[in-house]
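Here is what each chain is made of, one letter per residue.
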Amino acid sequence: MTTIGANAVPQPHLPPATAPLRLTTAVRPYDWGSVTALPELFGTEPTGRPQAELWMGAHPGDPSTVDGTPLTELIAHDPGATLGGPTAGRFSAALPYLLKILAIERPLSLQVHPTTAQARAGFADENARGIPIDAPVRTYKDASHKPEMVCALTPFHGLCGFRDPADTAGLLDRLAVPDLRPWTALLRAGDLRAVFGQMLDDAHRPLRAQVEQALLARDGDPELAAYRDIARACPGDPGVTAALLLHHVSLRPGQALYLGAGVPHAYLGGIGVEIMANSDNVLRCGLTTKHVDVPELMRVVDFTPAPPHLVRPEEDARGEHHYRPPVPEFALTRYDLDTPHSLAGGAPRIVVCVDGEARLGDLALRPGESAFVPAAVPSVRLSGKGTAYGASPGAFTM
């Protein structure tokens, strides 16, 4: 697996939590990733394989390391110094967020994430049934919800949330497939649940094939272009038809999209900084070869039509753009490094350089390189030339 940062060997002593700590981070080679985008962004050599996600954090599945020591171990050794008392108390002595950089070449799975209550119940149920955590049919990997937010570094687009069903009925009418009339009638009656469930049911495979053929035949319709691209990328997948129920959203660099529990979504292309709760709970609907549990999916999906939840950054005089989604686990800040910044202590932070060079205390960070700032560090100067992003816990009350 590709790594970014100092590829150090494990040290016999844990580094003190008194200064920013350089991270070594893993790049995950999922098949939807770009072969060239992250190497071009980071100035590294391509491996010839997709490089999809750079992970920065303390997720048990792939924790970042400091001098060879997993960040999970550093936090467990001294949660008060690394996380700070309020964060350690609120989040059970764990780093509450996971920071990523995504490079998307082809569609990700169409998916939803559970609420905390759903995650706890599902996790307990699968444990009681003896399903191993790493089993392909396992749905709940932990007992946490997984809200997430993506901030575009390049033009970025995806699917997010249900469109008004009457509007979707009008879109389906444009395909001129007579057999779609029962679905468009249900949509005009507001029954998204029934249509979504039928689209995922293999009894409707012949109708899904008609929808794909109609999409591919309509090269001149710009409103169908994104869905046509999905049909080309994922032929025969039930998610191709289900995607037509969802908003297509395009982000310009600097724009951010928040995804809460139950909202179906799929990222389709571009490079972005993603931050999420430190969880791996995903229920897939389609555009995937992985396990799809339709009954559990139908229980978790929120069928309320709603526009995409864009998070507008709050800009201050120092060139800091603060993205504050409505969850306690995480917040994100974009730093213009032409102006020096002072990062306050008291909370655990991860800073990643995405352009130019960042100086975080005594550390120099090039694009793709990152550092963990323990809560015990009273404050640290961030400067340089270019752009960096900083992750921290969101606002919460003990």
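Overview of the structure. Keep in mind it's a predicted model, so treat the numbers as computed, not measured.

Description of the overall build of the chain
On a plain count of helices and strands, the chain comes out with 12 helices and 23 strands. Here the C-alpha atoms of the chain give a radius of gyration of 22 Å, agreeing with the 21 Å that 2.2 N^0.38 yields for 398 residues. When its C-alpha atoms are laid out on the principal axes, the chain stretches across 65 × 50 × 40 Å. Here the chain holds 398 residues, and 54% of them are scored as buried. Within the chain, residue pairs in contact and separated by at least 24 positions form 73% of the contacts whose partners lie at least 6 positions apart. As displayed, the chain has an accessible area near 16,400 Å², and 52% of this comes from carbon and sulfur atoms. Distance between charge centroids for the chain: 1 Å, based on 34 positive and 43 negative side chains.

Topic: the side chain of Thr-87
Tracing the sequence through the fold places Thr-87 in helix 4 (residues 85-90). Residues contacting Thr-87, with those up to four places away along its chain left out, are Pro-96, Pro-348, Pro-393 and Phe-396.

Digging into the packing of helix 6 (residues 165-173) against helix 7 (residues 181-188)
In helix packing, the relevant descriptors are the interaxial angle and the interaxial distance, both defined with respect to the helix axes. Between helix 6 and helix 7, whose axes approach to 7 Å, the crossing angle comes to 160 degrees. The angle between the axes of helix 6 and helix 7 places the two elements in the roughly antiparallel class. Helix 7 is crossed by helix 6, and the crossing has left-handed handedness. Contacts from Pro-165, Ala-166, Thr-168, Ala-169, Gly-170, Leu-172 and Asp-173 in helix 6 reach Thr-184, Leu-187 and Arg-188 in helix 7.

Some remarks on the nonpolar core
One finds Leu-175, Phe-196, Leu-215, Leu-244 and Leu-245 to be the most contacted residues of the largest nonpolar core, which totals 44 residues. Broken down by element, the residue count for this core peaks at five residues, all from helix 8 (residues 192-200). Residues in contact with Leu-215, not counting those within four places in the same chain, are Leu-175, Leu-224, Tyr-227, Arg-228, Ala-231, Val-240 and Leu-244. Ranked by size, the runner-up nonpolar core spans 39 residues in total, among them Ala-37, Leu-99, Tyr-323 and Val-327.

Topic: the pattern of salt bridges
Under the defined criterion, the tally for this structure stands at 20 salt bridges. The residue Glu-223 makes a salt bridge to Arg-174 at a minimum N-O spacing of 2.9 Å. You can see Glu-223 sitting in the loop between helix 9 (205-216) and helix 10 (225-233) and its partner Arg-174 sitting in the loop between helix 6 and helix 7, a full 49 residues away along the chain. Connected through shared salt-bridge partners, Asp-219, Arg-228, Asp-229 and Arg-232 make up one network.

Parameters and conventions
Residues numbered from 1 in each chain as written. Predicted model: local features only at pLDDT ≥ 70, side-chain atom pairs only at ≥ 80, totals over all residues. Heavy atoms only, no water. Helix = DSSP H or I, 4+ residues; strand = E, 2+ residues; numbered from the N terminus. Rg over C-alpha atoms; globule rule 2.2 N^0.38 Å. Buried < 20%, exposed > 50% of the residue type's maximum accessible area, 1.4 Å probe, protein only. Contact = heavy atoms within 4.5 Å. Areas by Shrake-Rupley, 256 points an atom, 1.4 Å probe, with all protein chains shown as cover. Lys, Arg positive; Asp, Glu negative; His and termini not counted. Charge placed at Lys NZ, Arg CZ, Asp CG, Glu CD. Axes fitted to C-alpha atoms, helices over the stretch in contact; angles between N-to-C directions. Parallel < 35°, antiparallel > 145°, perpendicular 65-115°, else oblique. Left-handed = near helix turned anticlockwise from the far one by under 90°. Core = buried A, V, L, I, M, F, W, Y, C linked by side-chain atoms within 4.5 Å. Salt bridge = Lys/Arg side-chain N within 4 Å of Asp/Glu carboxyl O.

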